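Structural description and commentary
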Amino acid sequence: QLQLVESGGGLVQPGGSLRLSCAASGFTTDYYYVAWFRQAPGKEREGVSWISRRGGSTIYALSVQGRFTISRDNAKNTVYLQMNSLKPEDTAVYYCAADYTYYGLGNGYHYWGQGTQVTVSS
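Reading the values: rules and limits
- Residues numbered from 1 in each chain as written.
- Predicted model: local features only at pLDDT ≥ 70, side-chain atom pairs only at ≥ 80, totals over all residues.
- Heavy atoms only, no water.
- Helix = DSSP H or I, 4+ residues; strand = E, 2+ residues; numbered from the N terminus.
- Contact = heavy atoms within 4.5 Å.
- Buried < 20%, exposed > 50% of the residue type's maximum accessible area, 1.4 Å probe, protein only.
- Pairing = 2+ DSSP bridges.
- Polar contact = N/O pair within 3.5 Å; in protein donor to acceptor, adjacent residues only side chain to side chain.

Right, let's get into the environment of Val-79. Mapped onto the elements of the fold, Val-79 is located in strand S8 (residues 78–83). In the structure, Val-79 is positioned 31 residues away from Val-48 in sequence and 13 Å away in space, judged by C-alpha atoms. Apart from residues lying up to four places away in sequence, Val-79 is in contact with Leu-20, Ser-21, Cys-22, Val-34, Trp-36, Ile-51, Ile-70, Ser-71 and Arg-72.

In structure tokens form, the structure reads like this:
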């Protein structure tokens, strides 16, 4: 069974950093595009960042560009999201998603994780 599990969320002060991990099981991640999404209370889910199969290409939402970095370690079947200079508006549940053919920051991914909460507050 294909499964994605996010971890690394938590409570952090504004200006702080967190690194989220998305661990895949049941398939080899280097066959799949992977993206991070987030959903804040009362808001629609939005795409945050995307990475190509081998990590050579990335995309970021304008709201996180320059602060977040997506990366992947296919040997560990894990994709990361390093989040720096966090702001209260970054507070959301963060999800990773994967697909064999779909790519970008839209919602067309076939596989989704259960999410990890990130709260930015003083």
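Anyway, onward from the coordinates.
We now examine the pairing of strand S11 (residues 116–120). Because side chains alternate across S11, one face comprises the buried residues Thr-116, Val-118 and Val-120, and the other comprises Gln-117 and Thr-119, none of which is buried. Here 3 bridges tie strand S2 (residues 10–12) to S11, and the two strands are oriented parallel to one another. Looking at the pairing, Gly-10 lines up with Val-118 of S11. Of the pairings in the sheet, the one linking strand S9 (residues 92–99) to S11 comprises 3 bridges and is antiparallel in character. Residue pairing for S11: Tyr-94 is matched across the bridge by Thr-116.

In this section: the side chain of Thr-116. Relative to the helices and strands, Thr-116 is located in strand S11. You can call Thr-116 buried: its relative accessible area is 10%. Here the side chain of Thr-116 touches Gly-9 through a polar contact of 3.2 Å, landing on its backbone nitrogen. Excluding residues that lie within four positions of it along the chain, Thr-116 makes contacts with Glu-6, Ser-7, Gly-8, Gly-9, Leu-20, Ala-92, Val-93 and Tyr-94.

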